[in-house]
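Below are the chains, spelled out letter by letter.
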Amino acid sequence: MTDAPAAACDAGAIRVDGPLKVDGLSRIRQAIADQAATWGLDEHVVHAVQMVSSELATNIIVHAHGNGGLVITYRAGMIYCQAVDQGPGMTLPFLAGWNAPASGDPTAARGLWMVRMLSARLQIDSSILGTTVTAVLIGKV
């Protein structure tokens, strides 16, 4: 049995409270798949939201030792994936994810670059108190 937090769902949101752990990532992806029918999302959008949410959750696990959570909401055809952590913050958050990682470097940070590429908008707010990342995806055309 795992002690990973469950993803709580309602008609408008999926909420995952931490601490986040690697063994909880599949639950997040499953909660998104379950909610997709309610939200009327196409399969390719579901996969994009799953990838974005997994990458944001992984960043919380790696950079904030799991201390944080996710909220995924759907409103007016847009999906908002917000990750909030209590990590040490990042330097120059406005530059994060703009450059593709070096292909020859297996340790290169790819997460925020992938999130940025899949999102219509990405906002990163970071300080010594933690980081909030909000990715916005288009849910319906």
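Model, not experiment: these values are computed from the prediction.

(A) Helix α2 (residues 43–63), seen in detail. Look at α2: 30 Å from first C-alpha to last across 21 residues, which is about the 30 Å you get at 1.5 Å a residue. Just downstream of α2 lies H65, where phi reads positive at about 55 degrees.

(B) Main features of the pattern of salt bridges. Going through the model one piece at a time under the given rule, you end up with one salt bridge. Residues D17 and R15 are paired through a salt bridge, measuring 3.0 Å at the closest nitrogen-oxygen approach. In this structure D17 comes out as partly exposed when scored by relative accessible area, which is 40%. On the accessibility criterion, R15 (46% relative accessible area) is partly exposed.

(C) Highlighting the environment of A36. Mapped onto the fold, A36 is located in helix α1 (residues 25–39). Residue class for A36 comes out buried when judged on its relative accessible area of 6%. A sequence separation of 38 residues divides A36 from Y74, and the C-alpha atoms of the two residues are 9.7 Å apart. When neighbours within four sequence positions are excluded, A36 is seen to be in contact with L41 and V46.

(D) The arrangement of the pairing of strand β3 (residues 68–75) in detail. Most of β3 sits out of view: six of its eight residues are buried. In the sheet, strand β2 (residues 13–16) pairs with β3 via four bridges, with the strands oriented antiparallel. The residue of β3 that forms the bridge with R15 is V71. Sheet topology note: the β3/strand β4 (residues 78–85) ladder contains eight bridges and is antiparallel. From the neighbouring strand, I72 faces β4, where its bridge partner is C81. Turn length for the β3-β4 hairpin, with the two strands adjacent in sequence and antiparallel, is two residues, and the turn residue A76 shows positive phi of about 50 degrees.

(E) Broad picture of the environment of M78. Here M78 shows up in strand β4. For M78, a relative accessible area of 23% puts it in the partly exposed group. Separated by 42 residues in sequence, M78 and A120 have C-alpha atoms that sit 9.4 Å apart. Setting aside its immediate chain neighbours within four residues, M78 contacts T73, V136, L137, I138 and G139.

(F) Here's a closer look at unusual backbone geometry. Residue P19 is reached from G18 by a cis peptide bond, and omega for that bond is 10 degrees. Residue position: P19 is located in the loop between β2 and α1. Positive phi outside glycine occurs at H65, with the angle close to 55 degrees. Within the secondary structure, H65 sits in the loop between α2 and β3.

(G) Summary view of a nonpolar patch on the surface. Where nonpolar side chains cluster on the molecular surface, the patch consists of L92, F94 and L95 and spans about 330 Å² of accessible area. Relative to the elements of secondary structure, L92 occurs in the loop between β4 and α3 (111–118).

Thresholds applied
Every residue gets a number counted from 1 within its own chain, in the order that chain's sequence is written. For a predicted model such as this one, the threshold for reporting local features is a pLDDT of at least 70, and the threshold for listing and counting side-chain atom pairs is 80 or more; totals across whole chains, interfaces and linings nevertheless cover every residue. Each side-chain value is worked out from all heavy atoms of the structure, with water and hydrogens disregarded. A run of DSSP states H or I qualifies as a helix once it reaches four residues; a run of E qualifies as a strand once it reaches two. Both are numbered from the N-terminal end. The span one expects for a helix is its residue count, reduced by one, times 1.5 Å. Salt bridge criterion: a side-chain nitrogen from Lys or Arg within 4 Å of a carboxyl oxygen from Asp or Glu. Only protein chains enter the area calculation, which uses a 1.4 Å probe; residues under 20% of their type maximum are buried, those over 50% are exposed, and those in between are partly exposed. Note on definitions: a residue-residue contact is assigned when non-hydrogen atoms from the two residues lie within 4.5 Å. Paired strands are those between which DSSP finds at least two bridges. Like-charged residues within 9 Å of one another, or nonpolar side chains (Val, Leu, Ile, Met, Phe, Trp, Tyr) within 5 Å, are grouped into patches, provided each residue has over 30% relative accessible area and no salt bridge. Here the Shrake-Rupley method, with its probe set to 1.4 Å, supplies the accessible areas, and only the displayed protein chains count as covering residues.

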